[in-house]
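Notes for the structure review
In case you want the letters, here they are:
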Amino acid sequence: MYQIRIYTLRTAEALQQYATVHWPRHLTSMPSFGVTVHGFWTDHQAGTHRLIALLSFRADTDPADFTTAYVASPELAADMKGFDVRDIIGVEELVLDPVAGSPLA
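Residues numbered from 1 in each chain as written. Predicted model: local features only at pLDDT ≥ 70, side-chain atom pairs only at ≥ 80, totals over all residues. Heavy atoms only, no water.

Burial analysis of strand β1 (residues 2–9) places 6 of its 8 residues in the buried class, the great majority of the element. When β1 meets strand β3 (residues 50–57), the two strands line up antiparallel, connected through 7 bridges. Note on β3: the bridge partner recorded for Gln3 is Leu55. Where β1 meets strand β4 (residues 88–96), 8 bridges bridge the pair, whose relative direction is antiparallel. In the sheet register, Tyr2 faces β4, and the bridge partner there is Leu96. (Buried < 20%, exposed > 50% of the residue type's maximum accessible area, 1.4 Å probe, protein only. Helix = DSSP H or I, 4+ residues; strand = E, 2+ residues; numbered from the N terminus. Pairing = 2+ DSSP bridges.)

Shown next as C-alpha cells:
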C-alpha cells in the first residue's frame, strides 16, 4: 500500500527548512516503523508552500497505526529538532492501491 502525504507550511522559509533539513532525516527513521520513503518534492504552484511525499507500507503496517506510533516516537522528535512544528498548518493523507500494470504494483 502506498500513501501520498501533503504537508502545507506557513511560509516559503519554513518549507525550505522542512524540505532540506528535517524530511531527509525521515529516510533513516521511518523504515524501522515499516515505512519506505520513495521520494519527496516541493510544490511549484505559486503561493503554496507544500511538501509532497510518497510512502509505502509493509503488509503488516497500517498507515493510521504508523502515524500514531511515529508521532509519539523519540525518532520523530529527533528528526524535528530545531523546527517549529506550528509552521506545519495542514497535512493531507491519500492512501493509494496500485493497479495492475502500474510500475509500482
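Text resumes after the structure shown.
With that out of the way, let us pick up the packing of aromatic side chains. Within this structure, the stated rule accounts for 8 aromatic pairs. Ring centres of Phe33 and Phe66 lie 6.4 Å apart, and the angle between their planes is 75 degrees; on these two criteria the pair is classed as edge-to-face. With Phe33 in the loop between α1 (12–29) and β2 (35–42) and Phe66 in helix α2 (residues 63–71), this pair connects stretches of sequence that are 33 residues apart. The exposure class of Phe66 is buried, given its relative accessible area of 3%. Ring geometry for Phe33 and Tyr70: centres 5.1 Å apart, planes at 75 degrees, overall edge-to-face. Highlighted residues: Phe33 in the loop between α1 and β2 and Tyr70 in helix α2, separated in sequence by 37 residues. With respect to class, Phe33 is no different from Tyr70; both count as buried. Every member of this aromatic cluster is reached through a ring pair, and the members are Tyr7, Tyr18, Trp23, Phe40 and Phe83. (Phe/Tyr/Trp six-rings, centres within 6.5 Å; stacked < 30°, edge-to-face > 60°.)

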